[in-house]
Amino acid sequence: MFLKHQPSGNLIEVLTLDRLYNPASENIEGRFHAGEEMQDPETYRKSELIFPSGESLPQCWVDLNYRGQKVKIGQVHYETVDIS
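Residues numbered from 1 in each chain as written. Predicted model: local features only at pLDDT ≥ 70, side-chain atom pairs only at ≥ 80, totals over all residues. Heavy atoms only, no water.

A. A look at the overall build of the protein. Helices and strands together make up the secondary structure of the protein, namely two helices and five strands. When the elements of the protein are put in sequence order from the N terminus, they spell out β-β-α-β-β-β-α. Taking all 84 residues of the protein together, the buried fraction comes to 20%. Counted over contacts in the protein with a minimum sequence separation of 6, partners at least 24 positions apart contribute 34%. Only carbon and sulfur atoms are counted for the fraction: they give 48% of the accessible area of the protein, which is about 6,400 Å². (Helix = DSSP H or I, 4+ residues; strand = E, 2+ residues; numbered from the N terminus. Buried < 20%, exposed > 50% of the residue type's maximum accessible area, 1.4 Å probe, protein only. Contact = heavy atoms within 4.5 Å. Areas by Shrake-Rupley, 256 points an atom, 1.4 Å probe, with all protein chains shown as cover.)

B. Structural detail: the packing of aromatic side chains. For the coordinates displayed, the defined rule picks out three aromatic pairs. Look at F51 and W61: their rings are 6.0 Å apart centre to centre, the planes differ by 55 degrees, and that puts the pair in the tilted class. One end of the pair, F51, is in the loop between β5 (49-50) and α2 (59-62); the other, W61, is in helix α2, and 10 residues separate them in sequence. When its relative accessible area of 22% is taken as the criterion, F51 is described as partly exposed. Three or more aromatic residues link up through ring pairs in this structure, and these residues are Y21, F51 and W61. (Phe/Tyr/Trp six-rings, centres within 6.5 Å; stacked < 30°, edge-to-face > 60°.)

C. The arrangement of the sheet that holds strand β2 (residues 11-14) in detail. Strands sit in the order β4-β3-β2-β1-β5 across an open sheet of five strands; the sheet is antiparallel. Edge positions in the sheet fall to β4 (42-45) and β5, since each has one partner strand and no second. In the sheet, strand β1 (residues 2-5) pairs with β5 via two bridges, with the strands oriented antiparallel. Bridging across to β5, K4 finds its partner in I50. (Pairing = 2+ DSSP bridges.)

D. Looking closely at the nonpolar core. Counting 10 residues, the largest nonpolar core consists of L3, I12, V14, L20, I28, F32, Y44, L49, L57 and W61. When residues of this core are traced back to their parent elements, those giving at least two are β2 and β3 (27-32). Among all residues touching F32, those that are not within four sequence positions of it are H5, S8, N10, L11, I12, Q39 and Y44. (Core = buried A, V, L, I, M, F, W, Y, C linked by side-chain atoms within 4.5 Å.)

E. Structural context of the side chain of K46. Along the polypeptide, K46 turns up in the loop between β4 and β5. For K46, the side chain forms a polar contact with the main-chain oxygen of N22, separated by 2.7 Å. (Polar contact = N/O pair within 3.5 Å; in protein donor to acceptor, adjacent residues only side chain to side chain.)

F. Structural detail: the environment of I50. Take I50: it is sitting in strand β5. With a relative accessible area of 11%, I50 lands in the buried category. Separated by 39 residues in the primary sequence, I50 and L11 place their C-alpha atoms 9.7 Å from one another. Excluding residues within four positions of it along the chain, I50 makes contact with L3, K4, Q6, E55 and S56.

Spelled out as structure tokens, the structure:
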């Protein structure tokens, strides 16, 4: 997947898609696609990345509380459901 690095305007090939989709991760690994030689992987802040079309990343990729609920990392809530 390619995203646009806002400060430079260059495209970045995302190498760690799992971190891109994880709202708890603030950074991804990727490499610039500029010039003829393949660039070395670097760390980029997700807050500096957008889609090449100019759209921002989905809220569920960048915000742990995108549903308006405060959820702590590693904490799971279960509800009981009566199916009788």
